[in-house]
Amino acid sequence: MSKTLLVLTFTSIIAQIIFSFYYSSNIVNQNNQLDEYKLKYQQLTIEIAETKKQLVDLTSIQRYQQATPSGNLFVNTKSINISSF
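Not measured: the values here are computed from a predicted model.

(A) Summary view of the overall build of the chain. The secondary structure content of the chain amounts to 2 helices and 0 strands. Residues classed as buried in the chain amount to 0% of the 85 residues present. Here the chain displays about 8800 Å² of accessible surface, and carbon together with sulfur accounts for 64% of that area.

Written as structure tokens, this is what we have:
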């Protein structure tokens, strides 16, 4: 009876060691994936901020003024007299 108990004890200890190695490696893999996702999230956040900045720069009034030089604009001096109505 003591031999059987000793074999069961060692078997359970070995099973617990294998179980702990399996789950600890699984946790390490999940932490690595989490770090990768955090890095991608930070990169995307930076990219979104840069894109918003470019959008603001491209739609600014100064950009429109540079794109349409004042040499092409003409002052409208003509008028309509509507006092006779």
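More follows now that the structure is in view.
(B) The arrangement of the packing of aromatic side chains in detail. Enumeration according to the criterion identifies 2 aromatic pairs in this entry. Consider the rings of Tyr22 and Tyr23, whose centres lie 5.0 Å apart with planes at 80°: the pair is edge-to-face. Here a set of aromatic residues connected by ring pairs shows up, and it is made of Phe19, Tyr22 and Tyr23.

Parameters and conventions
- Residues numbered from 1 in each chain as written.
- Predicted model: local features only at pLDDT ≥ 70, side-chain atom pairs only at ≥ 80, totals over all residues.
- Heavy atoms only, no water.
- Helix = DSSP H or I, 4+ residues; strand = E, 2+ residues; numbered from the N terminus.
- Buried < 20%, exposed > 50% of the residue type's maximum accessible area, 1.4 Å probe, protein only.
- Areas by Shrake-Rupley, 256 points an atom, 1.4 Å probe, with all protein chains shown as cover.
- Phe/Tyr/Trp six-rings, centres within 6.5 Å; stacked < 30°, edge-to-face > 60°.

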